[in-house]
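Notes for the structure review
Listed below are the residues making up each chain.
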Amino acid sequence: MLRVLAVDDEKPLLEELLYLLRSDPRVLSAEGASDATEALRRITRALESGPDGADVIDVVFLDIHMAGLTGLDIARLLAGFARPPLIVFVTAHEGFAVQAFDLKAVDYVLKPVRPERLAEAVRRAWAQSGRSGEQPPAATPEPVPGVPAARAAVPEGPGVPVAAVPDRAPDRAPDQIAVELGGVTRFVAIADITYVEAQGDYARLHTDEGTSHLVRIPLATLEERWAARGFVRIHRRHLVALARIDELRLDAGTTTVRVGTAELQVSRRHTRELRDLLMRQAMS
């Protein structure tokens, strides 16, 4: 079975990745590192312990954009060792794939991470690790608060319980949305959400506390559900709570809004409608 290290300097994403990795029956252990320095320290200790040592790492799931050394820098350093761990890059950026595979990466997984796509990356690492002759135990889904046991036991994708898919967790009340992190379902008040960012088939909810949550719900679905709550589409990537817009700015033909500390671009097709809505809101 695989011993895994996941490296990401965004704590929520790291926790989500670790949860999914630990749900895979081919993974014996999955530990996390929140920066390149910690990752290199753990990997160096693993290499020094040898292939049968207690600290061995078979695969590193590695973010690319991090403070200090990037994931590509770490992979280049590891390439100098005789028996480096396998590398799977997990990133929001498509543009580094060529460099990644030049560094002998096993796989290149785009964020937001889909459970079935991560399971395929684990399968590829399993096949290359030399451990594929071992028989992994059957996966036992963990109970998830708020999700009936019968549903939690039905697999979706290799080794991934349905409960791991955030948009299938039930909302507790119309004023809240269920989000899932590390196997725990939490409820976020819609009134606390300032804007929503599209990330593929997922959406990232940004709150007024500066936190964010990833849910597997398309932005178009949230736009329809939350229109009556004052959320408006300003761009193909962004849905914003109208009452949370602090500033509308037009500069050299480009329109942006400020929502807290975030500055978001408004597409041309939405500019006029947004201005009208803000004017009506100011006059009411």
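To be clear, the structure that these remarks concern was listed above.
1. Topic: the overall build of the chain
A tally of helices and strands in the chain yields eight helices and 15 strands. Here the chain holds 284 residues, and the buried ones make up 48% of them. Partitioning the contacts of the chain with sequence separation of at least 6, the portion at a separation of at least 24 is 51%.

2. Looking at the sheet that holds strand β14 (residues 254-259)
Taking strand neighbours across the sheet as the criterion, the three strands line up as β13-β14-β15 in an open arrangement whose pairing is antiparallel. Looking at strand neighbours, the two that pair on one side only are β13 (247-251) and β15 (262-266), the edges of this open sheet. Across this sheet, the average inter-strand angle for adjacent strands is 30 degrees, counted without regard to direction. Each of β13, β14 and β15 touches helix α8 (residues 268-283); the most contacted strand, β15, lies at about 115 degrees to it.

3. Some details on the sheet that holds strand β1 (residues 2-7)
Taking strand neighbours across the sheet as the criterion, the five strands line up as β2-β1-β3-β4-β5 in an open arrangement whose pairing is parallel. Bordering the open sheet on either side are β2 (27-33) and β5 (107-110), each of which pairs with just one other strand. Each strand of the sheet is rotated relative to its neighbour by a mean of 20 degrees, with strand direction disregarded. Judged from the four bridges that link them, β1 and strand β3 (residues 59-62) form a sheet pairing that is parallel. Of the residues in β3, the one forming a bridge with Leu 5 is Val 60. Strands β1, β2, β3, β4 (86-91) and β5 of the sheet are contacted by helix α5 (residues 115-128), whose axis makes an angle of about 165 degrees with β5.

4. Points about the pairing of strand β11 (residues 231-235)
The side chains of a regular strand alternate, residue by residue, between the two faces of the sheet. Where burial is concerned, most of β11 is hidden: five out of the five residues are buried. In the sheet, β11 pairs with strand β12 (residues 238-241) via four bridges, with the strands oriented antiparallel. Bridging across to β12, Arg 233 finds its partner in Leu 239. Count of turn residues in the β11/β12 antiparallel hairpin: two residues.

5. Observations regarding the pairing of strand β9 (residues 202-207)
The element β9 is largely enclosed, with a buried count of six among its six residues. Across the two faces of β9 the burial is the same, with Tyr 202, Arg 204 and His 206 and Ala 203, Leu 205 and Thr 207 all buried. Hairpin connection from β9 to strand β10 (residues 212-215): four residues lie between these consecutive antiparallel strands, with Gly 210 at a positive phi of about 90 degrees.

6. Things to note about the packing of aromatic side chains
Applying the stated rule across the entire model yields three aromatic pairs. With a centroid separation of 6.5 Å and 55 degrees between ring planes, the pair formed by Phe 89 and Tyr 108 is classed as tilted. In this pair, Phe 89 is assigned in strand β4 and Tyr 108 in strand β5, connecting sequence segments 19 residues apart. Classification of Phe 89 by relative accessible area gives buried; the value is 0%. Judged by relative accessible area, which is 9%, Tyr 108 ranks as buried. When the centroid spacing of 6.3 Å and the interplanar angle of 45 degrees are considered together, the rings of Phe 101 and Tyr 108 count as tilted. Under the relative-accessibility criterion, Phe 101 is labelled partly exposed at 41%. Members of the aromatic cluster, connected to one another through ring pairs, are Phe 89, Phe 101 and Tyr 108.

7. With respect to α5
Given a rise of 1.5 Å per residue, 14 residues ought to cover 20 Å, and the 20 Å separating the end C-alpha atoms of α5 matches this to within 8%. All buried positions along α5 are accounted for by Pro 115, Leu 118, Ala 119, Ala 121, Val 122, Ala 125 and Trp 126. Axial view of α5: buried residues confined to an arc of 160 degrees, hence all on one face. Positive phi shows up at Gly 130, right after α5, with a value of about 85 degrees.

8. Some words on the pattern of salt bridges
Opposite charge on two side chains permits pairing when their charged atoms draw close. For the coordinates displayed, the defined rule picks out 18 salt bridges. Between Lys 111 and Asp 8 there is a salt bridge, and its shortest N-O distance comes to 2.7 Å. Taken together, the residues Lys 111 in the loop between β5 and α5 and Asp 8 in the loop between β1 and α1 (11-22) connect sequence positions 103 residues apart. The pair Lys 111 / Asp 8 is uniform in exposure class, with both members buried. The partner of Arg 45 in a salt bridge is Asp 55, and the shortest N-O contact between them spans 3.7 Å. Of the two residues, Arg 45 sits in helix α2 (residues 36-49) while Asp 55 sits in the loop between α2 and β3, which places them ten residues apart along the sequence. If you follow the salt bridges from partner to partner, you end up with Asp 107, Arg 117, Glu 120, Arg 123 and Arg 124 in one network.

9. Examining the environment of Val 232
Structurally, Val 232 can be placed in strand β11. A residue is classified by how much of its surface remains accessible, and Val 232, at 14% relative accessible area, is buried. When the C-alpha positions of Val 232 and Leu 242 are compared, they lie 6.4 Å apart, and in sequence the two are ten residues distant. For Val 232, the contacting residues outside a window of four places in its chain are His 238, Leu 239, Val 240, Leu 242, Leu 274 and Leu 277.

What counts, and where the lines are drawn
- Residues numbered from 1 in each chain as written.
- Predicted model: local features only at pLDDT ≥ 70, side-chain atom pairs only at ≥ 80, totals over all residues.
- Heavy atoms only, no water.
- Helix = DSSP H or I, 4+ residues; strand = E, 2+ residues; numbered from the N terminus.
- Buried < 20%, exposed > 50% of the residue type's maximum accessible area, 1.4 Å probe, protein only.
- Contact = heavy atoms within 4.5 Å.
- Pairing = 2+ DSSP bridges.
- Axes fitted to C-alpha atoms, helices over the stretch in contact; angles between N-to-C directions.
- Phe/Tyr/Trp six-rings, centres within 6.5 Å; stacked < 30°, edge-to-face > 60°.
- Expected span 1.5 Å × (residues − 1).
- Arc of directions from axis to C-beta.
- Salt bridge = Lys/Arg side-chain N within 4 Å of Asp/Glu carboxyl O.

Interpretation in functional terms is not warranted from these geometric data alone.
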